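Listed here are the chains, written in short residue letters.
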Amino acid sequence: MKKGLLTVLVALSALFAVFGLSKETASASEPNYTITSDATYAPFDFQDKNNQYIGIDQDLLKAIAKAAGFTVTVKPMAFNAAMQSVASSQADGVIAGTTITNERKAVYDFSDPYYKTGIAWATAKNSKIKSLSDLKGKTVALKTGTAGAEYAESIKDQYGFKITYFSDSDTVYRDVINGNSVATFADMPVLQYTIKNGTALKVQNSKDPFAAGDLGFAVKKGQNAELLADFNKGLAIIKKNGTYDKIINKYLDAKAETFTGSAKDNSTVWGILKTNRSAFWSGLKQTMYLTVVGIILASLWGLLLGVMGVSKNAFVRGLSTTVIYIFRGMPMLVLAFFLYIGIPALLGTKISAWSAGILTLVLNEGAYTGAFVRGGFQSVDSGQMEAARSLGLSHGQAMRKVIIPQGLRLMVPSFINQFIITLKDTSLLSAIGILELTQTGTLIVTRNSQGFRVWAIVAMIYLVVITLLTWFSNWVEKRMNA
Ligand code: ASN
């Protein structure tokens, strides 16, 4: 009976795994490129009220791909992760409102410029700060890895300000508006657009941006030359036939729509839930999917580690201890970045965010599981083993028939605990661009600036799911003990 259950679980997780992988491999006659992008960078890259990923970059990319005869799969993520993904060959190209800078040219090849930019600095709308020298002793909020951040770093000592970093623009704006920091440095067109759409900031140097430059599409240096050439070809075509101007005007014209949704849609929890229900639903599905596959595989891996941990063989025991030591000791976020960005950068191989995410869950949660499984077996009274052996069972038989069943029963509460932790830990995988529930929340907040309501909704959804998971686990526990 229990064996049957196990078989079903293994089959189910294999099915999930195959399904998850096959989603990533699109086949088409035209070349298909994976392009990373900044998840939250209006007007270049952002989600509209229907949760469509839009913006100048996205529309340009689509029009260019069509004109030049290629297709794209776009992966929105934090700007820094988007750039790193290309540097480590995880993705073919990046379009993320990226400024063409000399430093970046050492790592990336850039397309022809497609938009002019420059760095602006902005404070809260009613701030008393008027000049850079007023920043002395104060804190400036910046987005990691951006040209704006690089510029601010270069003048930080001259003006004597401190710096704090965030990975997405909206959090940077919130930090300045809430007064934890007093200013930020970012692209002029981006800050102006954000302010026009109601963000309570004020640009202080609208007439003379620092470090004027251009935005460009980028590929890893020396790679994807064909994609780069196609991009330039497509860009030239859409500039000539008027599509380029149309796209720019769609977002920046005086009469351009705002894409943020009506006040009614955004001012109540119910309105936000209703307008974004498909986004919340697909985020929740992704979270559940990661959780179920993660739990099943991590439990199996943890069981194996636990059994190895009480083996007669010292080498096998040592192996289990070492694996548990390494993966329990490594912060999960570091592990995720290591698998998704570190290893591919070294080996030049690709691993999808989904696979890296699952592997992170399995290694991390599996190590914790391994530790309590080993502990559970050890806590079965040693007399039991002796008794079983004296009845003529071999060590293996004694383990399987006597120690493991008793140990497993002791471990059930720890398993339930670990399931809940796994569910919560999936939220960390938003950092490598997986569009699960937490990342969904970030995208929605960026669009409607309703931080309190959106995060309250996300928290509630997690609590509901955790409650269901706990009920289910308790039900299984009861049946096991019956
Ligand atoms: N303009 C920024 C940069 O090039 C990009 C961004 O924040 N998406 O650094």
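Residues numbered from 1 in each chain as written. Predicted model: local features only at pLDDT ≥ 70, side-chain atom pairs only at ≥ 80, totals over all residues. Heavy atoms only, no water.

Here is the UniProt Sequence similarities (unreviewed entry) comment for the protein, exactly as written: "Belongs to the binding-protein-dependent transport system permease family." In UniProt, the protein has this text filed under Subcellular location (unreviewed entry): "Cell membrane". (UniProt positions renumbered as here; feature names shortened; annotations may be inferred.)

J.: Hey, could you go over the pattern of salt bridges for me, with residue numbers and the actual values?
T.: Per the stated rule, a full pass over the model turns up five salt bridges. Ionic pairing is found between Asp59 and Lys250, a salt bridge with its closest N-O pair at 2.7 Å. Within this pair, whereas Asp59 is found in helix H2 (residues 56-68), its partner Lys250 is found in helix H9 (residues 243-252), the two being separated by 191 residues in sequence. Overall, Asp59 belongs to the buried group, its relative accessible area being 12%. A salt bridge links Asp214 to Lys116; the shortest N-O distance between them is 3.4 Å. Here Lys116 lies in strand S7 (residues 115-124) and Asp214 lies in strand S12 (residues 210-215), a separation of 98 residues in the sequence. (Salt bridge = Lys/Arg side-chain N within 4 Å of Asp/Glu carboxyl O. Helix = DSSP H or I, 4+ residues; strand = E, 2+ residues; numbered from the N terminus. Buried < 20%, exposed > 50% of the residue type's maximum accessible area, 1.4 Å probe, protein only.)

J.: Outline the UniProt feature "transmembrane region" (unreviewed entry) in the protein, supporting the account with residue identities and numerical values.
T.: In the numbering adopted here, UniProt assigns the feature "transmembrane region" (unreviewed entry) to residues 288-310, 322-343 and 452-472. Secondary structure across residues 288-310 comprises 96% helix and 0% strand; the distance between its end C-alpha atoms is 33 Å. The span residues 322-343 is 91% helix and 0% strand, and its two end C-alpha atoms sit 20 Å from each other.

J.: How would you sum up the domain arrangement of the protein? Please name residues and give values.
T.: Taken domain by domain, the protein consists of domain 1 (31-114 + 216-260), domain 2 (116-212) and domain 3 (275-481). A straight line from the C-alpha centre of domain 2 to that of domain 3 covers 40 Å. (Domains from an automatic or database assignment.)

J.: Give a detailed account of the packing of helix H18 (residues 437-448) against helix H19 (residues 451-481), specifying residues and quantitative values.
T.: Between H18 and H19, the least distance of the axes is 9 Å, while the angle of their chain directions is 165 degrees. When the interaxial angle is binned, H18 and H19 end up roughly antiparallel. Like other packed secondary-structure pairs, H18 and H19 cross with a definite hand, here right-handed. Listed contacts from H19 to Leu437, Thr438, Gly441, Thr442, Ile444, Val445 and Asn448 of H18 are Gly451, Val454, Trp455, Val458, Ile461 and Tyr462. Looking at side-chain class alone, the contact of H18 with H19 contains eight nonpolar, five polar and no charged residues. (Axes fitted to C-alpha atoms, helices over the stretch in contact; angles between N-to-C directions. Parallel < 35°, antiparallel > 145°, perpendicular 65-115°, else oblique. Left-handed = near helix turned anticlockwise from the far one by under 90°. Contact = heavy atoms within 4.5 Å. Nonpolar A, V, L, I, M, F, W, Y, C, P; charged D, E, K, R; others polar.)

J.: I'd like to hear about the sheet that holds strand S4 (residues 71-77), residue by residue, with values.
T.: The five strands are arranged S4-S1-S5-S13-S6 in an open sheet whose pairing can be described as mixed. Each edge of the open sheet carries a strand with a single partner, namely S4 and strand S6 (108-110). Examined bridge by bridge, strand S1 (residues 32-38) and strand S5 (residues 93-94) share two bridges and lie parallel to one another. In the strand pairing of S5, Ile35 is matched with Gly93. (Pairing = 2+ DSSP bridges.)

J.: Go over the environment of Ile272, please, and point to the residues and values.
T.: Among the structural elements, Ile272 can be located in helix H11 (residues 269-275). For Ile272, a relative accessible area of 0% corresponds to the buried category. Along the backbone, Ile272 and Leu201 are 71 residues apart, and their C-alpha atoms lie at a distance of 24 Å. Excluding anything up to four places from it in sequence, Ile272 contacts Asp265, Asn266, Phe280, Asn448, Gln450, Arg453, Val454 and Ile457.

J.: Describe a nonpolar patch on the surface, listing the residues and the values that go with them.
T.: A cluster of nonpolar side chains, namely Met460, Leu463, Val464, Leu468 and Trp471, defines an oily patch on the protein surface of about 550 Å² accessible area. Within the element layout of this structure, Leu463 appears in helix H19. (Patch = residues over 30% accessible without salt bridge, like charges linked within 9 Å, V, L, I, M, F, W, Y side chains within 5 Å. Areas by Shrake-Rupley, 256 points an atom, 1.4 Å probe, with all protein chains shown as cover.)

J.: Break down the site of the ligand for me, citing the residues and quoting the values.
T.: If you check the shell around the ligand, you find Asp38, Tyr41, Phe79, Ala96, Gly97, Thr98, Thr99, Arg104, Lys143, Thr146, Ala147 and Asp187 and nothing else. Taking Lys143, its side chain carries an N or O atom lying 3.0 Å from an oxygen atom of the ligand. Here the shell around the ligand is built from residues that sort into four nonpolar, four polar and four charged. Built from parts of two domains, the shell around the ligand gets at least three residues from each of domain 1 (31-114 + 216-260) and domain 2 (116-212). (Near = heavy atom within 4 Å. Polar contact = N/O pair within 3.5 Å; in protein donor to acceptor, adjacent residues only side chain to side chain.)

J.: I'd like a rundown of unusual backbone geometry, residues and numbers included.
T.: Residues Ala42 and Pro43 are joined by a peptide bond in cis, for which omega reads 5 degrees. Relative to the elements of secondary structure, Pro43 occurs in the loop between S1 and strand S2 (46-47). Of note in the backbone geometry, Ala211 takes a positive phi value of approximately 45 degrees without being a glycine. For Ala211, the location among the structural elements is in strand S12. Its relative accessible area of 48% is what places Ala211 among the partly exposed residues. For Asn224, which is not a glycine, the phi torsion comes out positive at approximately 55 degrees. Along the chain, Asn224 falls in the loop between strand S13 (218-220) and helix H8 (225-240).

J.: Go over the packing of aromatic side chains, please, and point to the residues and values.
T.: For the structure shown, the criterion picks out 16 aromatic pairs. A ring pair is formed by Tyr108 and Phe110, whose centres lie 6.4 Å apart and whose planes are at 55 degrees; its orientation type is tilted. With a relative accessible area of 8%, Tyr108 lands in the buried category. Chaining the aromatic ring pairs together yields one cluster made of Trp121, Tyr151, Phe161, Phe185 and Phe210. Residue placement shows Lys239 over the ring face of Tyr244; its charged tip is 5.1 Å from the ring centre. (Phe/Tyr/Trp six-rings, centres within 6.5 Å; stacked < 30°, edge-to-face > 60°. Lys NZ or Arg CZ within 6 Å of the ring centre and 35° of its normal.)

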